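Fold and geometry: a report
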Amino acid sequence: MELYASEDSPWCWRVRLALEHKRLRYNNHQLNVTTQEHKSPAMLRLTPRGRLPVLCDGAYVVFESVAILYYLDRQYPEWPLFGTSAQEGGVILRVIEEFQNYIEPHLMAIVAAIKAHELEGRRDEIMDHMLIAAGEARTIEGRLSKSEWIVGEQPSAADFVIYPWIRGLQQALEDPDASELAARFLPIDVQYPAVARWFSRIQSLPRYELTEPATLKR
Ligand SMILES: N[C@@H](CCC(=O)N[C@@H](CS)C(=O)NCC(=O)O)C(=O)O
């Protein structure tokens, strides 16, 4: 399999986590988004929107990260990503949809503003995003205080979709400019102890370290 990905993208990281979880071998092609490598004619033939990740399995091409996870699970059912029953699969997909629709846009706004050094002048707007994200993190904390994984007894697509964003938020909030925002979330082991324990569980998964963006390495 060929994975076309950008190293520090949460959408690409979730696919690397899923591939490693399933013990699948793949060639990881890291594209440089800054130099528009992902918009080359060859890439646009694979994925007309010019977004990453894209997975090619032989002649079959799939893009959109959650669609990739779904494809992998149907094609390679060992080490399931969407549970072992229709009901469990429904809950996993519901949690993913809720995350992507109601939380991800706020996390994107916060992380992008910190990385672009744009907090000055946008502090109230970004704090509003932070308050929503912190409230949603409370819901995730509630789930993880009852169970080791976001849904069910094993790691699932829900863990692999959500983890890269929360880990990315933790990293972004370590920027000294973001201290006011950080007070709503850090230190994570004090404010969200179940999330911190879940971080350790994910980081202990086999071959986890191969999935981690170099910019985030501990
Ligand atoms: N909904 C898509 C989002 C993909 C996405 O936005 N990827 C970023 C990763 S860096 C990208 O390709 N950005 C480059 C661009 O938009 O030109 C998914 O889940 O795969």
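Cut-offs used in this document
Per-chain numbering applies: the sequence of each chain, read as written, is numbered from 1 onward. Reporting in this predicted model follows two pLDDT cut-offs: at least 70 for local features of residues, and 80 or more for side-chain atom pairs to be given and counted; totals over whole chains, interfaces and linings ignore these cut-offs and use all residues. Side-chain figures throughout are based on the complete set of non-hydrogen atoms in the structure, without hydrogens or water. Here the aromatic set is Phe, Tyr and Trp, taking the six-membered ring for Trp, and pairing holds for ring centres within 6.5 Å; pairs whose planes are under 30 degrees apart are stacked, those over 60 apart are edge-to-face, and all others are tilted. Numbering of helices and strands runs from the N terminus, with a helix taken as a DSSP run of H or I at least four residues long and a strand as a DSSP run of E at least two residues long. The buried label goes to any residue with under 20% of its type's maximum accessible area, the exposed label to any with over 50%, and the partly exposed label to all in between, with areas taken from a 1.4 Å probe on protein chains only. Two strands form a pair only when DSSP identifies at least two bridges running between them. Here, axes are lines fitted to C-alpha atoms. For helices the fit covers the stretch in contact, and angles between N-to-C directions go from 0 to 180 degrees. Throughout, a residue-residue contact means that at least one pair of heavy atoms, one from each residue, lies within 4.5 Å.

What follows covers the packing of aromatic side chains. For the structure shown, the criterion picks out 10 aromatic pairs. When the ring of Trp13 is compared with that of Tyr163, the centres are 5.4 Å apart and the planes differ by 75 degrees; the resulting orientation is edge-to-face. You can see Trp13 sitting in helix H1 (residues 10–21) and its partner Tyr163 sitting in helix H6 (residues 157–173), a full 150 residues away along the chain. Aromatic side chains Tyr163 and Trp198 sit 5.9 Å apart centroid to centroid with 80 degrees between the ring planes, which places their arrangement in the edge-to-face category. Taken as a pair, Tyr163 in helix H6 and Trp198 in helix H9 (residues 193–203) lie far apart in primary sequence, 35 residues in all. Comparing Tyr163 with Trp198 shows no difference in burial state: the two are buried. Each residue in the set Trp13, Tyr163, Trp198, Phe199 and Tyr208 is aromatic and connected to the rest through ring pairs, giving one cluster.

The subject of this paragraph is the sheet that holds strand E4 (residues 60–63). With mixed pairing, the 4 strands of this open sheet are ordered in space as E2-E1-E3-E4. Both edges of this open sheet fall to strand E2 (27–30) and E4, since each of them pairs with a single strand only. Averaged over all pairs of adjacent strands, the angle between strand axes in this sheet comes to 15 degrees, irrespective of strand direction. Sheet strands touched by H1: strand E1 (2–5), E2 and strand E3 (54–57). Its angle to E1, the strand with the most contacts, is close to 155 degrees. Along the sheet, helix H3 (residues 65–75) contacts E3 and E4; its crossing angle with E4, the most-contacted strand, is approximately 135 degrees.

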